[in-house]
Amino acid sequence: QVQLVESGGGLVQPGGSLRLSCAASGSTFSIDTMGWYRQAPDKERELVAAITGSGGTNYADSVKGRFTISRDNAKNTVDLQMNSLKPDDTAVYYCNADSRLYRMKYWGKGTLVDVSS
């Protein structure tokens, strides 16, 4: 089993920055790709960014150039640096970890990012 705990969410003004962090514990050896998803009111959950164990990344078009995902395999953490935040970025952000070994997708509880004045 893998447990994921997010932190770093909160209220931020448009144009501001936040850094989200996700700490994994448990069977972390089984983790392959990790990522961040978000879900805003009246919208479906969407992938924001993903990163493979070797460092390859993928971003949603809406956040390219503004967000950066990174991971530290030794610390079992994945971060999301969010810059130039927009009101449309407001959502609950969920950390995700995939395990091909256990055929599972693990999820954190989520952390709210509120981009408003």
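Here's a quick rundown of the structure. (Residues numbered from 1 in each chain as written. Predicted model: local features only at pLDDT ≥ 70, side-chain atom pairs only at ≥ 80, totals over all residues. Heavy atoms only, no water.)

Another aspect to go through is the overall build of the protein chain. Scanning the protein chain from terminus to terminus reveals 0 helices and 11 strands. Taken from the N to the C terminus, the helices and strands of the protein chain come in the order β-β-β-β-β-β-β-β-β-β-β. Over its C-alpha atoms the protein chain spans a radius of gyration of 13 Å, differing by no more than 12% from the 13 Å that the globule rule assigns to 117 residues. Seen along its three principal axes, the alpha-carbon backbone of the protein chain occupies a region of about 45 × 25 × 20 Å. Looking at the protein chain residue by residue over its 117 residues, the buried ones come to 44%. (Helix = DSSP H or I, 4+ residues; strand = E, 2+ residues; numbered from the N terminus. Rg over C-alpha atoms; globule rule 2.2 N^0.38 Å. Buried < 20%, exposed > 50% of the residue type's maximum accessible area, 1.4 Å probe, protein only.)

Bringing unusual backbone geometry into the picture now. You will see that Asn76, though not glycine, has its phi angle at about 60°, which is positive. When you line up the elements, Asn76 lands in the loop between β7 (67-72) and β8 (77-82). Positive phi outside glycine occurs at Arg103, with the angle close to 55°. Structurally, Arg103 is set in the loop between β9 (91-99) and β10 (104-107).

A few words now on the sheet that holds β8. Adjacent strands of a sheet pair through backbone hydrogen bonds, lying either parallel or antiparallel. Strand order in this open sheet of 4 strands is β1-β3-β8-β7, and the pairing throughout is antiparallel. Bordering the open sheet on either side are β1 (2-7) and β7, each of which pairs with just one other strand. On average, adjacent strands in this sheet sit at an angle of 15° to one another, irrespective of strand direction. One ladder, built from 6 bridges, connects strand β3 (residues 18-26) with β8; its direction is antiparallel. From the neighbouring strand, Ala23 faces β8, where its bridge partner is Thr77. (Pairing = 2+ DSSP bridges. Axes fitted to C-alpha atoms, helices over the stretch in contact; angles between N-to-C directions.)

Across soluble globular proteins, nonpolar side chains have a tendency to be buried as a group. Among the nonpolar cores identified, the biggest contains 30 residues, and Leu4, Met34, Trp36, Leu80, Met82 and Tyr93 are the most heavily contacted of them. The set of elements that each furnish at least two residues to this core consists of β1, β3, β4 (34-39), β5 (46-51), β7, β8, β9 and β11 (111-115). The residues contacting Tyr93, other than those within four sequence positions of it, are Glu6, Leu20, Trp36, Tyr37, Arg38, Val48, Phe67, Leu80, Met82, Gly110, Thr111 and Val113. (Core = buried A, V, L, I, M, F, W, Y, C linked by side-chain atoms within 4.5 Å. Contact = heavy atoms within 4.5 Å.)

Counting across every chain of the model gives 7 salt bridges. Note that Glu46 is salt-bridged to Arg38, the shortest N-O span being 2.7 Å. A relative accessible area of 5% places Arg38 in the buried class. Three or more residues are tied together by salt bridges with common partners; here these are Arg38, Glu46, Arg66 and Asp89. (Salt bridge = Lys/Arg side-chain N within 4 Å of Asp/Glu carboxyl O.)

Turning our attention to the side chain of Arg38. Within the secondary structure layout, Arg38 lies in strand β4. At 3.4 Å, the side chain of Arg38 forms a polar contact with the side chain of Ser62. The contacts of Arg38, once residues within four sequence positions are left out, are Glu44, Arg45, Glu46, Val48, Ser62, Val63, Phe67, Asp88, Asp89, Ala91, Val92 and Tyr93. (Polar contact = N/O pair within 3.5 Å; in protein donor to acceptor, adjacent residues only side chain to side chain.)

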